[in-house]
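Residue-level structural notes
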Amino acid sequence: MNLEQYGFREPPFRMTPDVRLFFPSTAHGRAYAHLLYGLSQREGFVVVTGEVGSGKTTLIERLCAEFAAKDHAMARVMTTQVDPVELLRLVAIAFGVPAGGGKAELLEGIIAALRRGVAERGRRHVLIVDEAQALPVASLEELRMLSNVTEGARALLQVLLLGQPQLRHTLARPDLDQLRQRVLAAYHLAALTREETHLYVRHRMTSVGWTGYPAWEDAALDLVHEHSGGIPRRINRLCARVLVAGALEHAAVLTAELVSVTADELSQDLGAICAEAPPPESQEDRTTTLRTLTERLGQLERTLGNREPPPRRLRKLWAPFAILGGRP
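The rules we used
- Residues numbered from 1 in each chain as written.
- Predicted model: local features only at pLDDT ≥ 70, side-chain atom pairs only at ≥ 80, totals over all residues.
- Heavy atoms only, no water.
- Phe/Tyr/Trp six-rings, centres within 6.5 Å; stacked < 30°, edge-to-face > 60°.
- Helix = DSSP H or I, 4+ residues; strand = E, 2+ residues; numbered from the N terminus.
- Buried < 20%, exposed > 50% of the residue type's maximum accessible area, 1.4 Å probe, protein only.
- Polar contact = N/O pair within 3.5 Å; in protein donor to acceptor, adjacent residues only side chain to side chain.
- Contact = heavy atoms within 4.5 Å.
- Core = buried A, V, L, I, M, F, W, Y, C linked by side-chain atoms within 4.5 Å.

It is worth spelling out the packing of aromatic side chains at this point. Following the criterion strictly, the structure yields three aromatic pairs and no others. Between Tyr 6 and Tyr 213 the ring centres are 5.3 Å apart and the planes differ by 70°, which places this aromatic pair in the edge-to-face class. Placement of the pair is Tyr 6 in helix H1 (residues 3-6) and Tyr 213 in the loop between helix H9 (194-206) and strand E8 (215-216), with a sequence separation of 207 residues. With 5.8 Å between their ring centres and 85° between their planes, Phe 23 and Tyr 200 make a pair best called edge-to-face. Of this pair, Phe 23 sits in the loop between H1 and helix H2 (26-40) while Tyr 200 sits in helix H9, and the two are 177 residues apart along the sequence.

Have a look at this one:
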């Protein structure tokens, strides 16, 4: 898109989080208040959940920008399904601690670094764990144990857990009751309302130099909300494409028709990508495949009869299916 055509200093709808363009919706303002409250307690866990693209990372970017200058050591970990030892390794790296050795060495190094930071600089340590819904229960328990480490009556570490809605279901497990007791604040980040979507789009554009050109029809912004569901990242994706289409047509007004056509094109583009991916195998398909293999192997065994035991290679091939409940 030609930025000069519409007078923008930079693209208003980038997909990457940008704290400069933070929009304080009702939900985002409350989520941020929960984060501030949690940090003020100087211990325990704070949990923020939300759909993909709902703005969790932007909240954290703002938090880090505000607290980095307040004697806070903010370490961030992006998790996948890592076991407890590998999680500790990631935490060590985030705090600048050597990440070699086993669990004992990792814990010793992390705790020593936390105590050193408090003793030498009076720093508070905050660990931010993103995509926490992917963590196994054992890894979450490891974080709980790490948050229990104290120096006198002072906790050495606070933990912020960010994740998709599945994280709330995980934390509700009976075997995570001790961790739940240490959650001081929890908030689920809801989507923007229709009115907030209007304000969000205008806020993003004004932040990069928009003075009203191109104008938006109210009906066009209503459609942006309808097609995006009020999720900020989806809004950004759609509005960026609408601006490209508007620039190509030298449009002074972004209309509902333009948004509708652009949303359909975007849907078709994404649909084509999904169509190229092979469909996941269903449980029924796996059951049918296993049954077919079982029948074929059974026929082979009957053919061999009592002439000789099944070859060793055949036994090795059959072993995985026997574990799944097939015939021995």
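From this point on, the discussion continues.
Below, the discussion takes up the side chain of Thr 49. Tracing the backbone shows Thr 49 in strand E1 (residues 45-50). Its relative accessible area of 0% is what places Thr 49 among the buried residues. A distance of 3.5 Å separates a polar atom in the side chain of Thr 49 from a polar atom in the side chain of Arg 168. If we ignore the near neighbours within four places in the chain, the residues touching Thr 49 are Lys 56, Gly 163, Gln 164, Leu 167, Arg 168, Tyr 187, His 188 and Leu 189.

Moving on to the nonpolar core. Here is a general trend for soluble globular proteins: nonpolar side chains tend to be buried in one another's company. Formed by 33 residues in total, the largest nonpolar core has its most connected members in Val 91, Phe 95, Leu 127, Val 129, Leu 135, Leu 143 and Leu 161. Listed by contribution, the elements that provide at least two residues to this core are E1, strand E2 (72-78), helix H4 (84-94), helix H5 (103-121), strand E3 (124-130), helix H6 (137-147), strand E6 (157-163) and helix H7 (166-171). The dominant element in this core, judged by the number of residues it contributes, is H5, at six residues. For Leu 135, the residues in contact, after removing those within four places along its chain, are Thr 79, Thr 80, Val 82, Leu 87, Val 129, Leu 140 and Leu 143. Phe 13, Tyr 200, Cys 239 and Ala 256 belong to the second largest nonpolar core, which has 29 residues in total.

Any link to function would need more than the numbers given here.
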